[in-house]
Amino acid sequence: MKKVFATALGMAFGLTSLSAMAADEVTLQLKWVTQAQFAGYYVAQDKGFYEDADLDVTINPGGPDIAPPQVIAGGGADVVVDWMPSALASREKGVPLVNIAQPFAKSGMELTCLKDTGITSPKDFPGRTLGVWFFGNEYPFLSWMSKLGIPTDGSDKGVTVLKQGFNVDPLLQKQADCISTMTYNEYWQVIDAGIPADDLVVFKYEDQGVATLEDGLYVMEDKLKNPAFVDKMSRFVAASMKGWTWAKEHPEDAAQIILDNDATGAQTEKHQIRMMKEVGKLLSTDGVLREDAYTRTVDSLLSGGSDPVITKKPEGAWTHVVTDKM
């Protein structure tokens, strides 16, 4: 009897071990460093939402020299966070990225100017120096300037583009009249540097009608032919959106989870709580890509005159097959 019991116990243990090992592995490549911009994913990991979905998720932070399309094209990730302008431009250049979900429904991008420059509207931009992020983040700006008919060649009737680092120094040091900021990050760095909101003029891309979709989830197109991969991504997106909902409802706790995962030690509690609250204003409730927002983004990127971000309407650049399965 003891031998039978021991054998049964051993089988049960073996099955349990096998079950524990059966979690599907997912590698997520973020667009930028560990911060509340990506809180939903860290929360989903910390709170066990991925584990509950039978997933073993590895989250890789980004950085100034990390381009998500290049990472996934090289096999370094299963899914990446990227902005749609970058993803569509990459697709046209031969990296077949497909949007499978859109956690961010609104854009947080803006241009922040010093009021003492005299800039009060976009018609005041010609002749000015504007700070712009690159590495794929320049596309919304270039589309906006094209829509306004303002050259970016540094001419008297155009603007001089300053290749902005991922900081606010050009504004603080008055190297640029305006700089690129996000509602949830760099804008507050300007405020924290001692420049009050009343001394700033802010142009939000959403208000200017040139907003493009940011922070979507993208995979390689050929992977979607595999039903098992689609199922895995469906569980991943569902668990991630559960993480985002929790983070929005508990910004202070979500910020602490970010701090716990910040290997650099560069983030502060005050900034991460504030970032989480601002990010919460941009979130979708279900992560489903809205076709009208996609169309608006594409139309904006095509409106570049002689230098559009993309040259033709993409085919197959997004799918609901993952979110429909959630």
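For the structure, see preceding data.
My aim in this report is to walk through the structure given alongside it, one point at a time. (Residues numbered from 1 in each chain as written. Predicted model: local features only at pLDDT ≥ 70, side-chain atom pairs only at ≥ 80, totals over all residues. Heavy atoms only, no water.)

Considerations on the overall build of the chain
Step number 1: Looking only at helices and strands, the chain has 14 helices and 10 strands in total.
Step number 2: Taken against the 2.2 N^0.38 rule, which gives 20 Å for 326 residues, the C-alpha radius of gyration of the chain at 22 Å falls within 12% of a compact globule.
Step number 3: In the chain, which comprises 326 residues, the proportion classed as buried is 51%.
Step number 4: Within the chain, contacts between residues separated by at least 24 positions form 79% of all contacts whose residues are at least 6 apart in sequence.
Step number 5: Counting every atom, the chain has about 14,900 Å² of accessible surface; 52% of that belongs to carbon and sulfur.
Step number 6: Taking the average place of the 30 positive charges on the side chains of the chain and the average place of its 44 negative ones, the gap between the two points comes to 3 Å. (Helix = DSSP H or I, 4+ residues; strand = E, 2+ residues; numbered from the N terminus. Rg over C-alpha atoms; globule rule 2.2 N^0.38 Å. Buried < 20%, exposed > 50% of the residue type's maximum accessible area, 1.4 Å probe, protein only. Contact = heavy atoms within 4.5 Å. Areas by Shrake-Rupley, 256 points an atom, 1.4 Å probe, with all protein chains shown as cover. Lys, Arg positive; Asp, Glu negative; His and termini not counted. Charge placed at Lys NZ, Arg CZ, Asp CG, Glu CD.)

Quick look at the state of the cysteines
Step number 1: Applying the stated criterion across every chain, the model contains 1 disulfide.
Step number 2: The partner cysteine of Cys113 in its disulfide is Cys178, sulfur to sulfur 2.1 Å. The S-S bond linking Cys113 to Cys178 shows a torsion near 100 degrees; that makes this disulfide right-handed. Residue Cys113 is located in strand S5 (residues 109-114), and its partner Cys178 is located in strand S8 (residues 178-182); the two are separated by 65 residues in the primary sequence. When sorted by exposure, Cys113 lands in the same class as Cys178, which is buried. (Disulfide = S-S within 2.5 Å.)

Overview of the packing of aromatic side chains
Step number 1: In this structure the tally under the stated criterion is 11 aromatic pairs.
Step number 2: Ring geometry for Tyr50 against Phe236: centres 5.4 Å apart, planes inclined by 10 degrees, an arrangement best described as stacked. A residue pair is termed long-range when its members are at least 10 positions apart, and Tyr50 in helix H3 (residues 49-52) and Phe236 in helix H10 (residues 227-249) qualify at 186 residues.
Step number 3: Ring pairing ties together the aromatic residues Tyr41, Tyr50, Phe104, Phe236 and Trp244, which thus form one cluster. (Phe/Tyr/Trp six-rings, centres within 6.5 Å; stacked < 30°, edge-to-face > 60°.)

Some details on the packing of H10 against helix H12 (residues 269-280)
Step number 1: Running from amino to carboxyl end, H10 crosses H12 at an angle of 120 degrees, the nearest separation of the two axes being 9 Å. As the angle between them shows, H10 and H12 are arranged oblique. Between H10 and H12 lies a crossing whose hand is left-handed. Every residue of H12 that contacts H10 at Trp244, Ala247 and Lys248 is listed here: Met276, Val279 and Gly280.
Step number 2: For the contact of H10 with H12, a count of residues per class yields 4 nonpolar, 1 polar and 1 charged. (Axes fitted to C-alpha atoms, helices over the stretch in contact; angles between N-to-C directions. Parallel < 35°, antiparallel > 145°, perpendicular 65-115°, else oblique. Left-handed = near helix turned anticlockwise from the far one by under 90°. Nonpolar A, V, L, I, M, F, W, Y, C, P; charged D, E, K, R; others polar.)

Overview of H10
Step number 1: End to end, H10 covers 33 Å across 23 residues, agreeing with the expected 33 Å (1.5 Å per residue, within 8%).
Step number 2: Among the residues of H10, the N-terminal cap falls to Asn226, whose side-chain oxygen and the backbone nitrogen of Ala228 are separated by 2.9 Å. (Expected span 1.5 Å × (residues − 1). Polar contact = N/O pair within 3.5 Å; in protein donor to acceptor, adjacent residues only side chain to side chain.)

Observations concerning unusual backbone geometry
Step number 1: One non-glycine residue, Asp54, lies in positive phi territory at about 60 degrees.
Step number 2: Turning to its location among the elements, Asp54 is positioned in the loop between H3 and strand S2 (55-60).
Step number 3: Its identity is not glycine, yet Lys174 carries a phi of approximately 55 degrees, on the positive side.
Step number 4: Inspection of the secondary structure puts Lys174 in the loop between helix H7 (169-172) and S8.

Observations concerning the pattern of salt bridges
Step number 1: According to the stated counting rule, one finds 12 salt bridges in the structure shown.
Step number 2: The closest approach of N and O atoms between Glu252 and Lys277, which form a salt bridge, is 3.9 Å. Residue Glu252 is found in helix H11 (residues 251-261), and its partner Lys277 is found in helix H12; the two are separated by 25 residues along the sequence.
Step number 3: Look at Glu252 and you get partly exposed, because its relative accessible area is 40%. (Salt bridge = Lys/Arg side-chain N within 4 Å of Asp/Glu carboxyl O.)

Things to note about the pairing of S2
Step number 1: Burial of S2 is one-sided: the residues Leu55, Val57 and Ile59 facing one way are buried, the residues Asp56, Thr58 and Asn60 facing the other way are not.
Step number 2: Sheet analysis places strand S1 (residues 24-29) next to S2, joined by 6 bridges and oriented parallel. Its bridge partner lying in S2, Asp24 is registered against Leu55. (Pairing = 2+ DSSP bridges.)

Digging into the side chain of Thr297
Step number 1: Within the secondary structure, Thr297 is located in helix H13 (residues 291-302).
Step number 2: Overall, the relative accessible area of 0% leaves Thr297 in the buried class.
Step number 3: A distance of 3.1 Å separates the side chain of Thr297 from the backbone nitrogen of Leu213, its partner in a polar contact.
Step number 4: Polar contacts involving the side chain of Thr297 include one to the main-chain carbonyl oxygen of Ala293, which spans 3.0 Å.
Step number 5: Apart from the residues within four sequence positions on either side, Thr297 is in contact with Met84, Ala211, Thr212 and Leu213.

Structural notes on H12
Step number 1: For H12, with 12 residues, the first-to-last C-alpha span of 16 Å sits near the 16 Å given by 1.5 Å per residue.
Step number 2: The buried fraction of H12 amounts to 9 of the 12 residues, a majority that puts the element mostly inside the structure.
Step number 3: Every buried residue of H12 is listed here: His271, Gln272, Ile273, Arg274, Met275, Met276, Glu278, Val279 and Gly280.

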